[in-house]
Amino acid sequence: FVVSILSTWMGVGPVLLAATMSALVWNFFFIPPHYTFQIDKTDDILIFGLFFIIALVNGVLTTRVRRQEKISREKERRTNALFQLTKELSKASGMSEVLRVASNEIEAQFDTAAAFILQDGKNNLNNSQKDTSRKFTAYDYDLAEWAFTKNKKTGALTRHNITTEYTFFPLNGTKINPGVIFIDRREPFTEEQESYWDAFLTQISNALEREFLAELAQKVRFLDESDRLYKTLFNSISHELRIPVATIMGASDSILNADNSEEIHLALYQEIFTASLRLNRLIE
């Protein structure tokens, strides 16, 4: 019972010690000759060995079950966190909202603050978007640009071993790369944390790429509507301009080529004047 109880709270070392102490105490008090660690009978030796082995196996198996339960709970927690991140990012509207959600979730899960440098739409990092509240030097920006261009992480706690406070990670999308994320972390990620971090980055990159594509589609739609409006307006103005111009040309031709009375000439002059006023109003 002692070994089983200890194995639910402690690791393999204390369990091994408890199993050994239990076997020795049982030998000392209950195996003849009593109050000694000597064992005379072969049966008692076998019983002592079985007692030790069963206690040890029981403790080790219980410890493994506890470890597996801890791993399962941790996996469940991370799965729920990824689901929560995906849900919040799907509800976020606009680039600033996506960045806010991503920063909050990263700080909650990894206990570190994160900041972003996004591209300008022409596959170049936008230097004006960097977080001015941080000590971000021109050298740090060069590292961020290198990570964005080479599509590799760099900075502190990486194999490049560069002297900077930040670690830079590229944000990789399926069609476009939104930019770079950098964090200030004192210890490197473990293998499990690295996998968890990559899953976070994938979700954030997809959300940012979605916003980039949405903005691009909106610009294309705006340009298409502008072009359609331009053509409609141009055709309308062309039609409106043709009427007074045709009136002026027709009246002028009649004056020049026909022998009309003075009254007709005055009427034609009036038409030219009226058409001129209309033409001038359209131009204005």
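We now turn to the structure provided with this report. (Residues numbered from 1 in each chain as written. Predicted model: local features only at pLDDT ≥ 70, side-chain atom pairs only at ≥ 80, totals over all residues. Heavy atoms only, no water.)

### Brief notes about the overall build of the protein chain
The following threshold applies: Here a strand is any run of E in DSSP of at least two residues, a helix any run of H or I of at least four, and the numbering for each starts at the N terminus. Each radius of gyration reported is based on C-alpha atoms, and the globular scaling rule is 2.2 Å times the count of residues to the power 0.38. Remark: exposure states derive from per-residue accessible area (1.4 Å probe, protein chains only) relative to the maximum for the residue type, with buried under 20%, exposed over 50%, and partly exposed in between.
If you tally the helices and strands in the protein chain, you get seven helices and four strands. The secondary structure elements of the protein chain, listed N-terminal to C-terminal, are α-α-α-α-β-α-β-β-β-α-α. Over its C-alpha trace the protein chain gives a radius of gyration of 41 Å, far above what one expects of a compact globule, namely 19 Å for 284 residues. With respect to the three principal axes, the spread of C-alpha positions in the protein chain is 155 × 35 × 25 Å. A buried classification covers 29% of the 284 residues belonging to the protein chain.

### What to know about helix 5 (residues 138-150)
For the record, the criterion: The span one expects for a helix is its residue count, reduced by one, times 1.5 Å.
Look at helix 5: 18 Å from first C-alpha to last across 13 residues, which is about the 18 Å you get at 1.5 Å a residue. Of the residues flanking the end of helix 5, it is asparagine 151, one or two places downstream, whose phi is positive at about 60°.

### Things to note about the sheet that holds strand 2 (residues 154-155)
The line we're drawing: What makes two strands pair is DSSP finding at least two bridges between them. It only takes one pair of heavy atoms within 4.5 Å for two residues to be counted as in contact. Each axis is a line fitted through C-alpha atoms, and for a helix only the stretch in contact is used; angles between axes span 0 to 180 degrees, taken between their N-to-C directions.
Here four strands make up an open sheet; going across it, the order is 1-4-3-2 and the pairing antiparallel. Strands with a single pairing partner mark the edges of an open sheet, and in this sheet they are strand 1 (114-118) and strand 2. Alignment of strand 1 against strand 4 (residues 179-183), held across five bridges, turns out to be antiparallel. Note on strand 4: the bridge partner recorded for isoleucine 117 is valine 180. Here helix 5 sits on the sheet in contact with strand 1, strand 2, strand 3 (167-171) and strand 4, set at roughly 35° to strand 3. Lying over the sheet, helix 6 (residues 191-257) contacts strand 1, strand 3 and strand 4, oriented at roughly 50° with respect to strand 3.

### Regarding the nonpolar core
Let me state the cut-off plainly: Definition of nonpolar core: a set of buried residues of the types Ala, Val, Leu, Ile, Met, Phe, Trp, Tyr and Cys, connected through side-chain atoms within 4.5 Å.
Grouped together as the largest cluster of nonpolar side chains are 26 residues, with contacts concentrated most on Ile106, Phe116, Ile181, Trp197, Ile204 and Leu208. Contributing elements (two or more residues each) for this core: helix 3 (42-91), helix 4 (95-110), strand 1, strand 3, strand 4 and helix 6. Top element by residues in this core is helix 6. It accounts for eight residues. Residues Ile117, Ala144, Ile162 and Val180 belong to the second largest nonpolar core, which totals 14 residues.

### A short note on the packing of helix 3 against helix 4
The test is simple: Any angle that is under 35 degrees is reported as roughly parallel, and any over 145 degrees as roughly antiparallel; angles of 65 to 115 degrees are reported as roughly perpendicular and all others as oblique. Crossings are classed by handedness, with left-handed meaning an anticlockwise turn of the near helix from the far one by less than a right angle and right-handed meaning a clockwise turn. Charged means Asp, Glu, Lys or Arg here, nonpolar means Ala, Val, Leu, Ile, Met, Phe, Trp, Tyr, Cys or Pro, and polar covers whatever is left, Gly included.
Running from N to C, helix 3 and helix 4 point in directions that differ by 165°, and their axes come no closer than 10 Å. Judged by the angle between their axes, helix 3 and helix 4 are roughly antiparallel. Taken as a pair, helix 3 and helix 4 cross one another with a handedness that is right-handed. Residue-level contacts link Arg77, Ala81, Gln84, Leu85, Glu88 and Leu89 of helix 3 to Val98, Val101, Ala102, Glu105 and Gln109 of helix 4. Split by residue class, the contact of helix 3 with helix 4 holds six nonpolar, two polar and three charged.

### Concerning the environment of tyrosine 166
Mapped onto the secondary structure, tyrosine 166 falls in the loop between strand 2 and strand 3. Between the C-alpha atom of tyrosine 166 and that of threonine 154, which follows or precedes it by twelve residues, the distance is 8.7 Å.

### Quick look at unusual backbone geometry
As a rule of thumb, non-glycine residues mostly have phi less than zero, and peptide bonds are mostly trans rather than cis. Of note, the bond from proline 32 into proline 33 is cis; its omega dihedral lies within 30 degrees of zero at -10°. In this fold, proline 33 is placed in the loop between helix 2 (12-30) and helix 3. The residue tyrosine 35 is not glycine, and still its phi comes out positive at about 60°. Accessibility expressed as a relative area gives 57% for tyrosine 35, which makes it exposed. In this structure, asparagine 151 is a non-glycine residue whose phi angle is positive, near 60°. The topology assignment puts asparagine 151 in the loop between helix 5 and strand 2.

### Observations regarding the packing of aromatic side chains
What counts here: Any two rings among Phe, Tyr and Trp, with Trp reduced to its six-membered ring, count as a pair given centres within 6.5 Å; such a pair is stacked if its planes are under 30 degrees apart, edge-to-face if over 60, and tilted if neither.
According to the stated counting rule, one finds 15 aromatic pairs in the structure shown. Every member of this aromatic cluster is reached through a ring pair, and the members are Phe110, Phe169, Phe189, Tyr196, Trp197 and Phe200.

### Structural notes on the pattern of salt bridges
Working definition: two side chains of opposite charge can pair if their charged atoms are close together. Definition in use: Whenever a carboxyl oxygen of Asp or Glu lies within 4 Å of a side-chain nitrogen of Lys or Arg, that contact is scored as a salt bridge.
Across all of its chains, the model carries twelve salt bridges by this definition. Put simply, glutamate 69 and arginine 73 hold a salt bridge, and the shortest N to O gap is 3.2 Å. With glutamate 69 and arginine 73 both in helix 3 and four residues apart, this pair spans about one turn of that helix. According to the relative accessible area criterion, arginine 73 is exposed, its value standing at 55%. Two residues, arginine 186 and aspartate 184, come together in a salt bridge whose shortest N-O distance is 3.7 Å. Accessibility expressed as a relative area gives 25% for aspartate 184, which makes it partly exposed. Salt bridges here are not isolated pairs; linked through shared partners, they connect Glu74, Arg77 and Arg78.

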